[in-house]
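# Observations on the three-dimensional arrangement
Okay, here's what each chain looks like letter by letter:
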Amino acid sequence: MAPAVTTAVNIVNLSLSSGQFHPLLKQSTISSLLKKPTLDNYHPISNRSLIYKVIERVVKSRLTNYLSSNNLLNPHQSAYCKHHSTETALAYIHDRLISAVGSHKISCLCLLDLSAAFDTIDHDILITLVSSQFVIHGSVLNWFKSCLSSRSFCVKCSISLSSSCTFSCGVPQAFVLGLILFIMYTTPLSTLISSQSLNHHLYADDTHLISFYPPDLHSIQT
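Throughout, a residue's number is its position along its own chain's written sequence, starting from 1. Given that the model is predicted, a residue must reach a pLDDT of at least 70 before its local features are reported, and side-chain atom pairs must reach 80 or more before they are shown or counted; all residues, however, enter totals for whole chains, interfaces and linings. Processing note: side-chain calculations cover all non-hydrogen atoms of the structure and skip hydrogens and water entirely.

## Quick look at helix α4 (residues 123–132)
- Think of it in three bands: residues with accessible area under 20% of the maximum for their type are buried, residues over 50% are exposed, and the middle band is partly exposed, with areas taken using a 1.4 Å probe on protein chains only. What counts as a helix is a DSSP run of H or I of at least four residues, what counts as a strand is a run of E of at least two, and both are numbered from the N terminus. For α4, the full list of buried residues reads His123, Leu126, Ile127, Leu129, Val130 and Ser131.
- Counting of polar contacts relies on pairs of N or O atoms within 3.5 Å, with two restrictions inside protein: one atom must be capable of donating a hydrogen and the other of accepting it, and residues adjacent in sequence are counted only when both atoms are side-chain atoms. Among the residues of α4, the N-terminal cap falls to Asp122, whose side-chain oxygen and the backbone nitrogen of Asp124 are separated by 2.9 Å.

Below, the structure written as structure tokens:
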């Protein structure tokens, strides 16, 4: 094994076994990419170190395997799950609407789109969910706490850099592990909707509520 690879493996293993994420790896530089010149619309690009991306992908792979093998992934979520996509979400909604017609249910398609969903994740709530609902404890839980806390960034414009700022909440949408953490964070929303006997499906931060038996059809119509 090449020395560089051996060093990378040792860094990854040390980070995971100690439950600590090195502060230097939590710093990022954000630059803007122009998406639509006519709208003056910019997309933030976050640049991070290579070893950061390696650790992130290792943890993402292990976390996904753990959630899948223990049936902890939300069955109503199509985004960021293996063998699930926009086609899965559309097929589910179509199937439920057809079934609702046959069952004489009321079908109401309500589209919920959470505003700035990835940017507003509360770290304390997320860590509590990771521990209580997904049964992750010990050094692994400490690693997630360390990874999410004291994250900092600066903005690059041409050759100029802004002063460093600290993230108080949220996970970057381009953060591979952050995608899995996001659907873990929204799982209680799915549980709440299910408790009201509503069929629903989620795709990332989009939620669809469909098909229910009306307690009083007249009251719904009015």
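## Side note on the packing of aromatic side chains
- Side-chain rings of Phe, Tyr and Trp, where Trp is taken by its six-membered ring, are said to pair if the distance between their centres is within 6.5 Å; with planes under 30 degrees apart they count as stacked, over 60 as edge-to-face, and otherwise as tilted. In the structure shown here, the tally under the stated rule is five aromatic pairs.
- Between Phe21 and Trp143 the ring centres are 5.4 Å apart and the planes differ by 90°, which places this aromatic pair in the edge-to-face class. Here Phe21 is found in the loop between α1 (3–18) and β1 (27–36), whereas its partner Trp143 is found in helix α5 (residues 138–148), with 122 residues between them in sequence. In this pair, the class of Phe21 matches that of Trp143, namely buried.
- Between Trp143 and Phe144 the ring centres are 5.4 Å apart and the planes differ by 85°, which places this aromatic pair in the edge-to-face class.

## Some points on helix α2 (residues 50–69)
- Along its 20 residues, α2 runs 29 Å from first to last C-alpha, staying within 8% of the 28 Å computed at 1.5 Å per residue.
- Among the residues making up α2, those that are buried are Ile51, Tyr52, Ile55, Glu56, Val59, Leu63 and Leu67. The buried residues of α2 occupy an angular sector of 130° when the element is viewed end-on, so they sit on one face. Relative to its buried face, α2 has exposed residues pointing more than 90 degrees away, namely Leu50, Arg57, Asn65 and Ser69. Any helix carries an expected span of 1.5 Å times its number of residues minus one. By definition, the arc is the one covered by directions from the helix axis to the C-beta atoms.

## A few points about the nonpolar core
- Core analysis: the largest hydrophobic core is formed by 33 residues, its most contacted members being Ile55, Leu63, Trp143, Phe144, Leu177 and Met184.
- Elements with a contribution of two residues or more to this core: α1, α2, α4, α5 and α6 (176–185).
- When residues of this core are assigned to their parent elements, the largest contribution, seven residues, is made by α6.
- Should any heavy atoms of two residues lie within 4.5 Å, those residues are considered in contact. Apart from the residues within four sequence positions on either side, Leu63 is in contact with Ile136, Phe144, Leu177, Ile180 and Met184. Residue types Ala, Val, Leu, Ile, Met, Phe, Trp, Tyr and Cys, when buried and joined through side-chain atoms within 4.5 Å, form a set referred to as a nonpolar core.

## Describing the side chain of His201
- Within the fold, His201 resides in strand β7 (residues 199–203).
- There is a polar contact of 3.2 Å between the side chain of His201 and the backbone oxygen of His76.
- A polar side-chain atom of His201 sits 2.6 Å from a polar atom in the side chain of Ser78.
- Residues in contact with His201, not counting those within four places in the same chain, are Pro75, His76, Gln77, Ser78, Ala89, Tyr92, Asp206, Thr207 and His208.

## A word on the packing of α4 against α6
- Between N-to-C directions, angles cover 0 to 180 degrees, with each direction set by a line fitted to C-alpha atoms, over the stretch in contact for helices. Contact pair α4 / α6: the axes reach a minimum separation of 10 Å and the direction vectors enclose 80°. For the element pair α4 / α6, the angle class is roughly perpendicular. Contacts between α4 and α6 pair Ile125, Leu126, Leu129 and Val130 from the former with Leu181, Met184 and Tyr185 from the latter.
- Classes in brief: Ala, Val, Leu, Ile, Met, Phe, Trp, Tyr, Cys and Pro nonpolar; Asp, Glu, Lys and Arg charged; the others, Gly included, polar. Grouping the constituent residues of the contact of α4 with α6 by class yields seven nonpolar, no polar and no charged. The cut-offs work like this: below 35 degrees is roughly parallel, past 145 is roughly antiparallel, 65 to 115 is roughly perpendicular, and the gaps in between are oblique.

## Some remarks on the side chain of Arg151
- Looking at the secondary structure, you find Arg151 in the loop between α5 and β4 (152–157).
- Despite its burial, Arg151 pairs with no opposite charge, the nearest such side chain being Glu56 at 7.0 Å.
- Only 3.0 Å separates the side chain of Arg151 from the backbone oxygen of Cys147, close enough to count as a polar contact. The convention is simple: Lys and Arg are positive, Asp and Glu are negative, and His and the chain ends are not counted. The salt bridge criterion pairs a side-chain nitrogen of Lys or Arg with a carboxyl oxygen of Asp or Glu, the two atoms within 4 Å.

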